[in-house]
Amino acid sequence: MDNQFEKWQAAYQQQTPKVDTSALLNDVKATHRKETQKAWVDLLSGIAVSIFVLYTAIFVTESTLACLLLSAVVPVPMGFSVWSFVLRRRGSDDTQSVAALLAEKKRQLQNKVKYWKVSAIGIAVLWIALTLVCGVFWFGGDHQTMWLVLPVIQLLVVLATWGRYVVVKRQLPVQLRKITALYTPSDK
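Residues numbered from 1 in each chain as written. Predicted model: local features only at pLDDT ≥ 70, side-chain atom pairs only at ≥ 80, totals over all residues. Heavy atoms only, no water.

S.K.: What should I look at first to understand the packing of aromatic side chains in this one?
M.R.: The relation between two aromatic rings is expressed through the spacing of the ring centres and the mutual angle of the planes. Applying the stated rule across the entire model yields six aromatic pairs. Where Tyr 55 meets Phe 59, the ring centres are 5.1 Å apart and the plane angle is 45°; that geometry is what we call tilted. Of this pair, Tyr 55 and Phe 59 both sit in helix H2 (residues 21–60), separated by four residues, roughly a single helical turn. Overall, the relative accessible area of 46% leaves Tyr 55 in the partly exposed class. The class of Phe 59 is exposed, set by a relative accessible area of 60%. Ring geometry for Phe 80 against Trp 83: centres 5.6 Å apart, planes inclined by 40°, an arrangement best described as tilted. Note that Phe 80 and Trp 83 are positioned in helix H4 (residues 75–89) at a spacing of three residues, about one turn of the helix. According to the relative accessible area criterion, Trp 83 is partly exposed, its value standing at 28%. (Phe/Tyr/Trp six-rings, centres within 6.5 Å; stacked < 30°, edge-to-face > 60°. Helix = DSSP H or I, 4+ residues; strand = E, 2+ residues; numbered from the N terminus. Buried < 20%, exposed > 50% of the residue type's maximum accessible area, 1.4 Å probe, protein only.)

In structure tokens:
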């Protein structure tokens, strides 16, 4: 009977993943804490940008067309910041099992890629719209330098955001394999 018990125990230990659960829990909690802080920064900055665009539309623009175009942009930063806030605040409260912790870690990594993808697409769309608006004003006779500078500056932001998305997306499979390897039973 003792021999059989030892065999079961050895088989269980062989099939049990070698995971430092306290380190994993601390990592998941730290990442969740950072994501919460980033969520609040995104939300507050989205509100600030929307207020700035609205202020610019009302008090700075000189034409009705410019006011209407800028007013149409006001909900975009606010909408993105609310979406980002909800995405980053989601999380699992189950910290009882290794599988739940690893699933939460995977979800955090996948959300990071999703965040940068949506950011890159959104910023590219805004850049196209900004370039069109600037072109309308420039070719409409308003030859202020800002109509040339704004699309160039925004293009740098677009390129940086797409670059970040590409890097995060490229790292995802490697990071997911590491997490999967943590929970795959060892062959030792």
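S.K.: Got a minute to help me understand the nonpolar core in this structure?
M.R.: Grouped burial of nonpolar side chains is what soluble globular proteins tend to show. Core analysis: the largest hydrophobic core is formed by 14 residues, its most contacted members being Leu 24, Leu 101, Leu 102, Leu 109, Val 113 and Leu 172. Only H2, helix H5 (98–139) and helix H6 (146–183) provide two or more residues apiece to this core. Element by element, the count of residues in this core is highest for H5, at six residues. (Core = buried A, V, L, I, M, F, W, Y, C linked by side-chain atoms within 4.5 Å.)

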